[in-house]
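So you can see what is in the structure, the chains are spelled out below.
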Amino acid sequence: MPDRPGPRGQQDPSGSTDRTGRQAVVVDALLGFAVFAVVAIAIGAGIGGGDLPPTVAYAFATALGLLMLVRRRWPLAVLLLTAVLLIVYYVADLPVIGLAVPAAAALYSAALFDRTRWAVGTAAALVVVSTTARLAEGQDPAFLLGYELVSTVAIMGAAIALGDGVRQRAEGARQRELIAVLDAQAREAESAELLARERARIARDLHDAVGHHLSVVSLHTSVAAEALEEGAVDAPVARAELDHVSQAAREGLRDLRSTVRALRDPGPWSDNGDGVERVAGLAHLDDLVASVRAAGLTVRVTGEGGPELPGLVDATAYRVVQEALTNTLRHARAETAEVVLERAEESLTVTVSDDGTGPLPGGARREPLDGGRGGTGLAGMRERVRMVEGTLEAGPVPRSGYRVRARLPLGGGE
């Protein structure tokens, strides 16, 4: 199994940040010196040992210390080499240096760099081999099992637990940092989405409100121009049409000012905090129908939205009627239109139909509600209906005419 290299000059599992390679070498050198010093002191005590000179034992101590210099790059190799050196050391019958203390640094490093299972397995193997060999040599079982084994296991377990605990705390800190970054990104994405929705809503408002009034202005201007054409002055008709133009222009400017106020300060422009402009609502349906009738289209209204209609549903119903009637004026060449409002227990159904041109000769159909060529009327209508979780149907009806039907749940959009 290949060993996992420990990065130098980067954040390591101990939790240090921006640690340079030089700092890591210094820390590892100090740890290696500590391992050498502890083992050397035990060797200097001269307990046990055969005929080999002390320099051999000190060479083992030096090797154990030097292994700490590469513990970050090859933590598993350092652990296994430490275990092998300890076994060879005792096989060579050198002075007693213990088992847990010389191996503690290697066990700690292995657990620190996510080799905890190897650390536990190696520690268990060392304890089993050492205990079995010493019992075979005839050492006192009571002392060996009742005292020394307990202290050895405790030291090894503490080293492994310390390394694994430091690693887990470092991973937890990194995870918290990552979660904070992801949370910030999510907030930014949410803000961008809200901004995009607000822009789309304002675009729909401009299209629905200002576009309607400009359509009315265009129609009345055309009629006034015809009344004044070729010197055949029909002053009363021209004056009436120009009055309609003036009224439509004023209403369009009023809606445009409302939208501009929303761009500058959305708070005062909204009603009940739901972002629904005050001018939009079925309470203004009579004014809308009057402006369409003045443009020459006969409009019948059947039913009503009823009391306590939710603000967003109320505004959506109004905008559906406004857009449908506006497109009837623009594209349908219709004489009559009908608006039907059907209030049910859980929904409001809005139907706008007209008797405009149906399929033309050659199979061509009349222009779609959005006016074709990249218009946004029908798309904006669908977006509004979708906001309240409703459904929209739009298309030609048998024989001739066009129908728009929107079903708006009363609790939609909450």
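Think of each chain on its own: its residues are numbered from 1, step by step along the sequence as written. Predicted model: local features are reported for residues with pLDDT of at least 70 only, side-chain atom pairs are reported and counted for 80 or more only, and whole-chain, interface and lining totals are derived from all residues. Side-chain measures were taken over the full set of non-hydrogen atoms in the model, leaving aside hydrogen atoms and water.

**Examining the packing of helix α3 (residues 75–91) against helix α5 (residues 116–136)**
- In this description, a line fitted to the C-alpha atoms serves as the axis of each element, helices being fitted only across the stretch in contact, and the angle between N-to-C directions of two axes falls anywhere from 0 to 180 degrees. Numbering of helices and strands runs from the N terminus; a helix is a DSSP stretch of H or I covering at least four residues, while a strand is a stretch of E covering at least two. At their nearest, the axes of α3 and α5 sit 11 Å apart, and the two run at 5° to each other. Overall, the two elements α3 and α5 adopt an arrangement that is roughly parallel. Of the residues in α5, those touching α3 at L76, L79, L80, A83, L86 and I87 are W118, A119, T122 and L126. Geometric relationships in this document are graded by angle, where less than 35 degrees denotes roughly parallel, more than 145 denotes roughly antiparallel, 65 to 115 denotes roughly perpendicular, and other angles denote oblique. What makes two residues a contact is simply this: any of their non-hydrogen atoms within 4.5 Å.

**Some remarks on the sheet that holds strand β5 (residues 347–354)**
- The five strands are arranged β3-β4-β5-β7-β6 in an open sheet whose pairing can be described as mixed. For this open sheet the edge positions go to β3 (298–302) and β6 (391–396), each flanked by a neighbour on one side alone. Recorded for the sheet is a direction-independent mean angle of 10° between the axes of neighbouring strands.
- Paired strands are those between which DSSP finds at least two bridges. By the bridge criterion, six bridges tie β6 to strand β7 (residues 402–409) in an arrangement that is antiparallel. Along β7, the bridge assignment pairs A394 with V404.
- Packed onto the sheet, helix α9 (residues 285–294) meets β3 and β4 (336–343) and runs at close to 155° relative to β3.
- The strands touched by helix α10 (residues 311–332) are β4, β5 and β7; relative to β5, the strand with the most contacts, the crossing angle is about 10°.

**What about the pairing of β5?**
- Only protein chains enter the accessibility calculation, which uses a 1.4 Å probe; a residue is then buried when its area is under 20% of its type maximum, exposed when over 50%, and partly exposed in between. A large share of β5 lies buried, amounting to seven of its eight residues.
- Bridging between β4 and β5 involves seven bridges; their strand directions are antiparallel. Considered in β5, the bridge of V340 is made with T351.
- Between β4 and β5, which pair antiparallel one after the other, the connecting turn spans three residues.

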